[in-house]
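Here is how the chains run, residue by residue.
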Amino acid sequence: MVDRLCADGVVRSAAVEAALRRVPRHLFVPGTSLEEAYADEAVHTKHDPATGVSVSAASQPRIVAMMLEQLQAAPGMRVLELGAGTGYNAALLAALVGPEGRVTTVDVDDDLVTGARDHLAAAGAPNVEVVLGDGALGHPDSAPYDRIIATVGAYEVPTAWLEQLAPGGRLVVPLRSERRRLPQHRLRARRARMDQPRQRTGGVHAAARHR
């Protein structure tokens, strides 16, 4: 899986490559074959019992790697993740920030929180806190964060995320267009100052692009 992502130019940094090689994805998708676990495909892990529609999944590794490259997490950083899912992305973040760093991941579904905690424990990722809560509110108890990443789509960037972003920090979120519904629109925001938390101009320099 990692060899393919490197060959395709998706993985560009040694740090992201090392994290992907270190974290065993199959521990986060129990019940799937090794072939499925390491395919470049999303693994759907939870479905709505009434409709059968997938409501949670381990994201496609290609997308995970792209977002990690954009995030540029480094050793010692404090990272907030919105959307714990299986816990796999949090484990990758933990590998990137190292033992001196800290990852906080938030999810609104208690069963996903429980599963993510179990998976992270099995993978040996002790520097991750999994919190049950509304991701739109972030997690102010551990703020400020050097990096914030959302693994779920959003139509706008909640003010709480910007308020919890440290000066010089970076935020990566799949920003959806209300009109065109583009799930892979990426917004990267760099926080310039903490004295203007509610202003997108001045306090935040944002560069958005379509992929």
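Predicted, not measured: the structure shown is a model, and the values here were computed from it.

Basis of the calculations
Each chain carries its own residue numbering, running from 1 in the written order of its sequence. Note on the predicted model: pLDDT of at least 70 is required for a residue's local features to be given, and 80 or more for side-chain atom pairs to be given and counted; whole-chain, interface and lining totals, by contrast, use all residues. Values shown for side chains rest on all heavy atoms present in the structure; no hydrogens or waters enter the calculation. One side-chain nitrogen of Lys or Arg within 4 Å of one carboxyl oxygen of Asp or Glu is enough to make a salt bridge. Runs of H or I in DSSP of at least four residues are treated as helices and runs of E of at least two as strands, each being numbered from the N terminus. Any residue under 20% of the maximum accessible area for its type is buried, any over 50% is exposed, and the rest in between are partly exposed; the area is computed with a 1.4 Å probe on protein chains only.

### Quick look at the pattern of salt bridges
Part 1 of the argument: Taken as a whole and assessed by the stated rule, the structure comprises four salt bridges.
Part 2 of the argument: With a closest N to O distance of 3.0 Å, Glu 17 and Arg 21 form a salt bridge. On the criterion of helical spacing, the pair formed by Glu 17 and Arg 21 is a turn pair, its members being four residues apart in helix α2 (residues 14-22).
Part 3 of the argument: Take Glu 17: its relative accessible area is 27%, and that puts it in the partly exposed class.
Part 4 of the argument: Arg 21 sits in the partly exposed class, given a relative accessible area of 46%.
Part 5 of the argument: Its salt-bridge partner being Asp 40, residue Arg 62 comes within 2.8 Å of it at the nearest N-O pair. With Arg 62 in helix α4 (residues 61-71) and Asp 40 in the loop between α3 (34-37) and β1 (43-47), the pair connects residues that are 22 residues apart, well separated along the chain.
Part 6 of the argument: By relative accessible area, Asp 40 is classed as buried at 11%.

### Some remarks on helix α5 (residues 88-97)
Part 1 of the argument: Across the ten residues of α5, ten count as buried, placing the element largely inside the fold.
Part 2 of the argument: Turning to α5, its buried residues number three or more, namely Tyr 88, Asn 89, Ala 90, Ala 91, Leu 92, Leu 93, Ala 94, Ala 95, Leu 96 and Val 97.

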